[in-house]
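Architecture at a glance
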Amino acid sequence: MTMAERPRRVTLDGQLLGYWEREAARLDGLAGSARFAWQRRRYLRKAEAARAKAQVSRAREAARDPALRDPKA
């Protein structure tokens, strides 16, 4: 089995990336169904914070694997 055939190892950053993206989507859904404007704003702020955390993990993954930096390669 060559390196190209081996499945990629799932890293903690990869797991965190998926988690924070799902959490942001969930919070966006809650914001869409919020009853009051203050609830909607709070959910949207939390979703934005989750996206920022996902971006940190995305950057770490890109630093770890050069193929992730340029998806066209």
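1. Focus: the pattern of salt bridges
- Considering all chains together, one arrives at seven salt bridges under this definition.
- Taking the shortest distance from any N to any O, the salt bridge between D28 and R51 comes out at 2.3 Å. Of this pair, D28 sits in helix α1 (residues 12–32) while R51 sits in helix α2 (residues 37–64); the two residues are 23 residues apart in sequence, bridging distant segments of the chain.
- For D28, a relative accessible area of 30% translates into the label partly exposed.
- Looking at R51, the relative accessible area reads 34%, which means it is partly exposed.

2. Some words on α2
- Taking 1.5 Å of rise per residue, the 28 residues of α2 would be expected to cover 40 Å, and the 41 Å separating its terminal C-alpha atoms lies within 8% of that figure.
- For α2, the full list of buried residues reads A47, A50, A54, S57, E61 and A62.

3. Re α1
- Under the 1.5 Å per step criterion, the end-to-end length of α1 is 30 Å for 21 residues, consistent within 8% with the ideal 30 Å.
- Residues of α1 that are buried include every one of D13, L17, G18, E23, A24, L27 and A31, and no others.
- For α1, the elements touching its buried residues are α2.

4. Examining the side chain of D13
- Assignment of secondary structure puts D13 in helix α1.
- Within the structure, the side chain of D13 is placed 3.5 Å from the side chain of R60, a separation counted as a polar contact.
- Ignoring sequence-local partners within four residues, the contact set of D13 consists of S57, R60, E61 and R64.

5. Quick notes on the packing of aromatic side chains
- Counting across every chain of the model gives two aromatic pairs.
- Consider the rings of Y19 and W20, whose centres lie 4.9 Å apart with planes at 70°: the pair is edge-to-face.
- Both rings, one in F36 and one in W38, keep their centres 6.4 Å apart while their planes meet at 10°; by these two values the pair is stacked.
- Since its relative accessible area comes to 42%, F36 is described here as partly exposed.

6. Considerations on the environment of R64
- When you line up the elements, R64 lands in helix α2.
- We classify R64 as partly exposed; its relative accessible area is 44%.
- Separated by 51 residues in sequence, R64 and D13 have C-alpha atoms that sit 9.9 Å apart.
- Setting aside residues no more than four positions away along its own chain, R64 makes contact with T11 and D13.

Definitions and cut-offs
- Residues numbered from 1 in each chain as written.
- Predicted model: local features only at pLDDT ≥ 70, side-chain atom pairs only at ≥ 80, totals over all residues.
- Heavy atoms only, no water.
- Salt bridge = Lys/Arg side-chain N within 4 Å of Asp/Glu carboxyl O.
- Helix = DSSP H or I, 4+ residues; strand = E, 2+ residues; numbered from the N terminus.
- Buried < 20%, exposed > 50% of the residue type's maximum accessible area, 1.4 Å probe, protein only.
- Expected span 1.5 Å × (residues − 1).
- Contact = heavy atoms within 4.5 Å.
- Polar contact = N/O pair within 3.5 Å; in protein donor to acceptor, adjacent residues only side chain to side chain.
- Phe/Tyr/Trp six-rings, centres within 6.5 Å; stacked < 30°, edge-to-face > 60°.

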